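Secondary and tertiary structure notes
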Amino acid sequence: MAENISSERIMASVISQIEIAPRYFRLRFLAPHIAQRATAGQFVHILPRAHYTLDPLLRRAFSIMSTCGETFEILYRVEGRGTALMSQWNDGALVDVLGPLGNGFAALPTPPQRAILVGGGVGIPPMAMLASRCTANHALVALIGARSQEEVICVEDFAQYDVPVHIATDDGSVGHHGYVTELLKIELQTDKQAVVYACGPLPMLRAVARVCADFNVPCQVSLEENMPCGVGVCNGCVVPVANAGDDYERFRRICIQGPVLWTHEIDWSGFWHSGTL
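Nothing here was measured: the structure is a model prediction, and the numbers come from that model.

What follows concerns the overall build of the protein chain. Secondary structure assignment for the protein chain yields eight helices and 15 strands. Here the protein chain has a C-alpha radius of gyration of 18 Å; the compact-globule value for 277 residues is 19 Å, and the two agree. In terms of overall dimensions, the protein chain has a C-alpha envelope of 55 × 45 × 35 Å along the principal axes. Per-residue burial over the protein chain gives 52% buried out of 277 residues. If you take every contact in the protein chain between residues at least 6 apart in sequence, the share linking residues at least 24 apart comes to 67%. In the form shown here, the protein chain has an accessible surface area of approximately 12,600 Å², with 51% of it arising from carbon and sulfur atoms.

Next up, the structure:
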């Protein structure tokens with residue numbers, strides 16, 4: 001797989017930030033280099049600190065959610081110290097950003113094939129960006145999974161691109177009561193010519209891969225791994241791959257050989273042995 005080499009380290013300016021749900025923030029930057037080169041599935045590596053301190057030490061990786069002119073947007077959930085600091089940024093703040101990084105999704109299929117976009121949690125934003133690339137020649141449907149109604153995000157983004165959305169929540173507070181993979185099974189029972197694209201928590205992606213294998217449909221997933229360096233040096237984001245020729249080929253560095261992979265390329269059982277879970 002080709003490795004992306006068009007990334008740069010820049011100082012991006014915060015244009016806007018808004019909390020759209022409890023702990024979920026949409027953050028837009030002015031960064032022409034990233035905005036004009038990014039493709040759906042790529043990510044940026046952000047240093048969540050001021051220039052005069054080394055705390056926090058490491059960058060955080062975030063999928064690119066949208067681009068518009070010279071700006072791009074991410075959506076993140078506050079989970080720890082780094083993202084908590086990010087949530088305090090005001091308009092005009094200068095942020096150290098590396099990107100765009102990684103390899104994105106394959107081109108959307110054209111009829112008679114349909115694209116099914118499956119997203120969960122902060123895995124929904126790259127699905128929204130993929131939807132933004134659709135044209136009148138594409139047929140798409142989006143399936144969103146969340147724990148409850150208050151964590152359902154990005155519905156309006158899919159509506160902007162005329163992509164129908166079906167929702168599944170763990171507690172049944174809105175949409176289907178159950179997992180998003182149950183909605184996927186329903187879609188594939190009536191359309192076995194589809195191509196599936198997914199991003200979300202590892203257990204969800206593993207379940208999506210299993211469903212797609214059962215229905216014999218192709219599926220690409222964007223893996224959410226910790227990326228300490230983001231440029232292929234530290235090997236902290238490796239994932240096990242199937243049919244590896246030797247031990248050296250046993251793992252792929254998601255930051256430069258992903259984060260998007262075909263599900264048949266991944267050794268899903270190997271995650272348990274590699275320390276990923």
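Having seen the model, we can carry on.
By secondary structure assignment, the location of Thr169 is in strand β9 (residues 165-169). At a separation of 3.3 Å, a polar atom in the side chain of Thr169 contacts the main-chain amide nitrogen of Ser173. In contact with Thr169, other than residues within four places in its own chain, are Ala146, Arg147, Ser148, Gln149, Val152, Val174, His176, His177 and Gly178.

Let's shift gears to the pairing of strand β7 (residues 115-120). With six of six residues buried, β7 is to be regarded as a mostly interior element. Every second residue of β7 is oriented toward a common face, with Ala115, Leu117 and Gly119 on one face and Ile116, Val118 and Gly120 on the other, all of them buried. As defined by bridge partners, β7 adjoins strand β8 (residues 140-146) across six bridges and the pair is classed as parallel. By the bridge assignment, Ala115 is partnered in β8 with Leu140. Since β7 and β8 lie parallel, the crossover through helix α3 (residues 124-132) that links them has a hand, and here it is right-handed. Sheet topology places β7 next to strand β11 (residues 195-199); five bridges connect them, and they run parallel. When the sheet's bridge partners are listed, Val118 is paired in β11 with Ala198.

Looking now at the packing of aromatic side chains. Here the structure, examined in full by the defined rule, presents four aromatic pairs. Centre to centre, the rings of Phe105 and Tyr197 are 5.8 Å apart; their planes meet at 75°, and the pair counts as edge-to-face. Residue Phe105 is located in the loop between β6 (94-101) and β7, and its partner Tyr197 is located in strand β11; the two are separated by 92 residues in the primary sequence. Side by side, Phe105 and Tyr197 carry an identical accessibility label, which is buried. If you follow Arg250 out to its NZ or CZ, it ends over the ring of Phe251, 5.4 Å from the centre.

Time to look at the environment of Ile64. With respect to the helices and strands, Ile64 occurs in strand β4 (residues 60-68). For Ile64 and Pro126, which are 62 residues apart along the polypeptide, the C-alpha to C-alpha distance reads 6.3 Å. Sequence-distant contacts of Ile64, defined by excluding residues within four places in its chain, comprise Ile34, Ala38, Gln42, Phe43, Val44, Phe72, Glu73, Ile74, Pro100, Pro125, Pro126 and Met129.

Right, let's talk about the pattern of salt bridges for a bit. One pass over the structure, following the stated rule, counts 14 salt bridges. Residues Arg26 and Glu73 are paired through a salt bridge, measuring 3.0 Å at the closest nitrogen-oxygen approach. Of this pair, Arg26 sits in strand β2 (residues 24-30) while Glu73 sits in strand β5 (residues 71-77), and the two are 47 residues apart along the sequence. In this structure, Asp55 engages Arg81 in a salt bridge whose closest nitrogen and oxygen atoms are separated by 2.9 Å. Highlighted residues: Asp55 in the loop between β3 (43-47) and β4 and Arg81 in helix α2 (residues 81-86), separated in sequence by 26 residues. Here Asp55 falls in the partly exposed class, since its relative accessible area comes to 40%. Among the charged side chains, a network of salt bridges with common partners joins Arg26, Arg28, Glu73, Glu156 and Asp157.

This brings us to the sheet that holds strand β12 (residues 219-222). Strand order in the open sheet made by the seven strands is β10-β9-β8-β7-β11-β12-β15, with mixed pairing throughout. Both outer strands of the open sheet, β10 (176-177) and β15 (260-262), are each paired with one neighbouring strand and no more. Two elements, β12 and β15, share three bridges in a ladder whose sense is antiparallel. Bridging across to β15, Ser222 finds its partner in Val260. The strands touched by helix α6 (residues 202-215) are β7, β11 and β12; relative to β11, the strand with the most contacts, the crossing angle is about 170°.

A large share of α3 lies buried, amounting to eight of its nine residues. Looking at the buried positions of α3, the neighbouring elements they touch are β4, β5, β7, β8, α4 (155-160) and β11.

Attention shifts here to the confidence of the model for the protein chain. It should be kept in mind that the predicted coordinates are not to be read in detail where pLDDT is low. For the protein chain, the mean per-residue pLDDT works out to 90, and 94% of the residues sit at or above 70. Predicted confidence for residues 273-277 stays below pLDDT 50, and this span has ten contacts to residues more than four positions away or in other chains.

What counts and what doesn't
- Within every chain, residues take consecutive numbers counted from 1 along the sequence as written.
- Only residues with pLDDT of 70 or above have their local features reported here, since the model is predicted, and side-chain atom pairs are shown and tallied only from 80 upward, although totals for entire chains, interfaces and linings are computed over all residues.
- For the side-chain quantities, the full set of heavy atoms in the structure was used; hydrogens and water were omitted.
- Each helix corresponds to a stretch of at least 4 residues labelled H or I by DSSP, and each strand to a stretch of at least 2 residues labelled E; elements are numbered beginning at the N terminus.
- In this treatment the radius of gyration is a C-alpha quantity, and the globule benchmark scales as 2.2 Å times the residue count to the 0.38 power.
- Any residue under 20% of the maximum accessible area for its type is buried, any over 50% is exposed, and the rest in between are partly exposed; the area is computed with a 1.4 Å probe on protein chains only.
- Every residue pair with non-hydrogen atoms within 4.5 Å of one another is taken to be in contact.
- Per-residue accessibility takes into account occlusion by the displayed protein chains alone, with areas from the Shrake-Rupley method and a 1.4 Å probe.
- Identification of polar contacts relies on pairs of N or O atoms within 3.5 Å, with a donor-acceptor requirement for protein atoms, meaning one able to donate a hydrogen and the other able to accept it, and with residues adjacent in sequence counted only if both atoms are side-chain atoms.
- Note on pairing: DSSP must find at least two bridges between two strands before they are called paired.
- Think of it like this: strands point away, you trace from the first strand over the helix to the second, and a clockwise trace means the crossover is right-handed.
- Pairing of aromatic side chains here covers Phe, Tyr and the six-membered ring of Trp, requires ring centres within 6.5 Å, and sorts the geometry by plane angle: under 30 degrees stacked, over 60 edge-to-face, intermediate tilted.
- In this analysis the charged atom, NZ for Lys or CZ for Arg, is taken to sit over a ring once it is within 6 Å of the ring centre and within 35 degrees of the ring normal.
- Salt bridges are defined as contacts in which a side-chain nitrogen from Lys or Arg sits within 4 Å of a carboxyl oxygen from Asp or Glu.
- Only the contacting stretch of a helix is used when fitting its axis, a line to C-alpha atoms as for every element, and angles between N-to-C directions run 0 to 180 degrees.
- As a per-residue quantity, pLDDT reports the predictor's confidence and falls between 0 and 100.

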